[in-house]
Amino acid sequence: MIAKPGLDGHDRGAKVIVHALIEAGFEVIYTGLHQTVDNIVEAALQEDVTVIGLSILSGAHLPLTKGLMEKLEANKMEDVIVLVGGNIPKRDFDDLHNLGVAGIFPTGSNFEDIVDFINSKVGGKVA
Amino acid sequence: MVKLPRPPIKLKDVVLESGIEVKPVYGPEDVMDRNYERDVGNPGEFPFTRGIHQYMYRARPFTMRQYSGFATASDTNKRFKYLISQGQTGLNVAFDLPTQLGLDSDDPRAFGEVGRVGMAIDSLKDMEEAFRDIPIDRISVSLTINSMASVMMAMYFVIAEKRGVPLGDLRGTAQNDILKEFVGRGTWIYPVGPSIRLVTDTIEFCARNVPMYYPVSVCGYHIRESGANPVQEIGYAYAIAKAYIDDVLKRGLDPDKFIARLSFNFDIHGNFFEQIAKFRAARGLWARIVRDDYGCENPRAQKMKMIAGGGGGGLTIEQPENNIVRGAYYALISALSGTQTMALCSYDEAYTIPTKKAALLSLRTMQILVEEMGLADTVDPLAGSYYVESLTGEFERRIITCMKDVDDMGGIVKAISEGYIQREVSRQAYETERKIQSGEIIKVGVNKYRVEEEDRAVEYHDYDREKTDEQIGRLREVRAERDNAMVKEKLDILRKKASGDENLMPYIIEAVKAYATVGEIADVFREVFGEFREPVRF
């Protein structure tokens, strides 16, 4: 699932990744814009997703990711793999990893790297 | 002796993003079909291909208007004054996302976003602070906001009134182009219909009360930034502009007058000459659309006025200093294209909102062009170039085709409401990204001349979390100090009027004057209009 949490409306990257993942054979759900963390977790639960990719360009990636990780934990969904993409400066990588983010793919990341990373984590399982 | 022909050189095919094939050499035969008087015209004369004024920058250089705003109104006020002191000639106001989406700073949904990508405005009190000691009767201010534009314009008009600046003399621009927000940028709130109604209300209100104001700046910029090619950038923007015009015509306004107050915001990145041809073609086409579709004879209505700035989409995370060079070329393109106003994305924008240093560098880039390099000396210096004229003609034909395609989708409003334009644009964004990753499109420093372990010494604009508390504190003060019964009364009237079809601007102004907050006013509209449900199509 590719999700756009928070208020940021820049969805070019999120949609491009959806296209790339579909092309790579994944089943992909796109949440659309302006999603709250609650919306995202609820949708992820309902659709039983294996991977959540957050796309954030406003700079609010730390508070938003923290909120999502807490909510996943509260719902006993710690096995969901969380990726973060967008305008993510290197100085925040450690903080994001410490929150439990499995992979960070800032603007300019290759489709192939993202696809390979997901495959390595889920071993061919999809969503 | 038989002279052997030279072995043919195999030249690489060049196809522009717009699909136009570029020949290695252009000559007189390529401009045979272009008639100077009919297709080009003198500067300041129909169809204005060469520029909308007779002497262009020689008489008055383009306005320099860097996008700025962050944290609180008082922080932004300081930045405005700094930029003005450095020679900036207009202001371009950045609002934070909660303000753009009609949320008060203490709304849980605003958490982490207050003052982040622009300044936080909760009520008239903040707006007054933002423009404290700024001569709004002399410096033109552009409000970069869309679904909440009517409210910000209302606040701005109230400030003018309080300072004794007659609305009849007030100049400025609001972005206020909600239709493009559904395609790119994404700060929509209400469904498409009521969103257009708010735009129409502001156009009508300004036509009747603030005649020097530009109530809408129709943006091809964000459509292009979302992935559209340069032809679609213009074609979709014109289709959107026509949708607003058609709606305003129902209010019985004179198109010769109100169309003259519409302006445009376009993007610059990609191929150098393609951009210049795009703008020249766009000017000619708009003049024809306004004359032929709306019967306007007023040259002011026929003139396509624009802000054309360097697009963030062309800048790269990799080797950020290269963006300084790109910015300078974008500024050159903009000046060669006859823009009225210029704003450049700063070199650090792939990382952060611009630091003071980066914003100043962008301003200096524009000043160097005008004051050192002679870009203001003569009008449309590329006119008559075989290549540029041929490309301009081809561009115009392609924009017309693009607009016909939109008509075939059932018109722009339907095509956006149902997500067809968004799908077209996102598919193209994917194709472009795929081509960059495969090396088909070259980005220097990204897929060529890449430095793997580079030092990206970009200084970040620091987000100060404590500013959120400061902002929320001010908001609570406003709520405590104002006449709450009065606020309720004004909001109740607004709610009632929103359900009808009267122009809402006078009632928004009343609510703003009573210090109703951005969130309270947006909530009234959410209640009456509902919220947009995004169509998801891939």
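Please read these numbers as outputs of a predicted model, since none were measured by experiment.

Digging into unusual backbone geometry
1) Next: Following B:F46, the chain continues to B:P47 via a peptide bond in cis, the omega torsion being 0 degrees.
2) Next: Along the polypeptide, B:P47 turns up in the loop between α1 (36-40) and α2 (56-59).
3) Next: Within the chain, A:K76 stands out as a residue other than glycine whose phi angle is a positive 55 degrees.
4) Next: Residue A:K76 is classed as exposed on the basis of its C-beta count, with 8 C-beta atoms lying within 10 Å.
5) Next: Of note in the backbone geometry, B:R185 takes a positive phi value of approximately 90 degrees without being a glycine.

Topic: the sheet that holds strand β6 (residues 213-214) of chain B
Residues and elements named next belong to chain B.
1) Next: Strand order in the open sheet formed by 5 strands is β2-β3-β4-β5-β6, and the pairing between neighbours is parallel. Bordering the open sheet on either side are β2 (67-68) and β6, each of which pairs with just one other strand.
2) Next: Judged from the 3 bridges that link them, strand β4 (residues 140-144) and strand β5 (residues 172-174) form a sheet pairing that is parallel. Bridge pairing in β5 places V141 opposite G172.

Brief notes about the confidence of the model for chain B
1) Next: Model confidence for chain B is summarised by a mean pLDDT of 95, while 98% of its residues fall at 70 or above.
2) Next: Interface scoring of the predicted complex returns ipTM 0.94; its pTM is 0.95.

Focus: the interface of chain B and chain A
1) Next: Listed as interface residues are 29 residues of chain B and, on the opposing side, 28 residues of chain A.
2) Next: Residue assignment for the side of chain B that touches chain A shows that the elements contributing at least two residues are α4 (97-100) and α18 (420-438) of chain B.
3) Next: If one sorts the elements of the side of chain B that touches chain A by residue count, α18(B) sits on top with 5 residues.
4) Next: Within the side of chain B that touches chain A, the residues separate by chemical class into 15 nonpolar, 7 polar and 7 charged.

Brief notes about the nonpolar core
1) Next: Residues A:I52, B:M152, B:A237, B:I240, B:I508 and B:I521 are the most contacted members of the largest nonpolar core, which totals 193 residues.
2) Next: Of all the elements, helix α10 (residues 230-249) of chain B adds the most residues to this core, at 12 residues.
3) Next: Leaving out residues up to four positions away in the same chain, B:I508 has contacts with B:S150, B:V151, B:A154, B:L494 and B:I521.

A closer look at the packing of helix α8 (residues 192-209) of chain B against α10(B)
Residue and element names in this part refer to chain B.
1) Next: Following both chains from N to C, one finds α8 and α10 inclined at 65 degrees, their axes separated by 9 Å at the closest point. When the interaxial angle is binned, α8 and α10 end up roughly perpendicular. As α8 runs across α10, the sense of the crossing is right-handed. Contacts between α8 and α10 pair I196, V199, T200, I203 and E204 from the former with Y244, D247 and V248 from the latter.
2) Next: Per-class residue counts for the contact of α8 with α10 are 5 nonpolar, 1 polar and 2 charged.

Regarding the environment of B:C296
All names here are of chain B.
1) Next: By secondary structure assignment, the location of C296 is in the loop between α12 (272-294) and α13 (299-302).
2) Next: Spatially, the C-alpha atom of C296 lies 33 Å from that of T187, the residues being 109 residues apart in sequence.
3) Next: Setting aside chain neighbours within four positions, we find C296 in contact with P255, D256, I259, V290, R291, A301 and Q302.

Conventions and cut-offs
Residues numbered from 1 in each chain as written. Chains lettered and ligands numbered in written order. Predicted model: local features only at pLDDT ≥ 70, side-chain atom pairs only at ≥ 80, totals over all residues. Helix = DSSP H or I, 4+ residues; strand = E, 2+ residues; numbered from the N terminus. Buried ≥ 20, exposed ≤ 12 C-beta atoms within 10 Å, placed from the backbone. Pairing = 2+ DSSP bridges. pLDDT = per-residue confidence, 0-100. Contact = placed C-beta atoms within 7 Å. Nonpolar A, V, L, I, M, F, W, Y, C, P; charged D, E, K, R; others polar. Core = buried A, V, L, I, M, F, W, Y, C linked by C-beta atoms within 7 Å. Axes fitted to C-alpha atoms, helices over the stretch in contact; angles between N-to-C directions. Parallel < 35°, antiparallel > 145°, perpendicular 65-115°, else oblique. Left-handed = near helix turned anticlockwise from the far one by under 90°.

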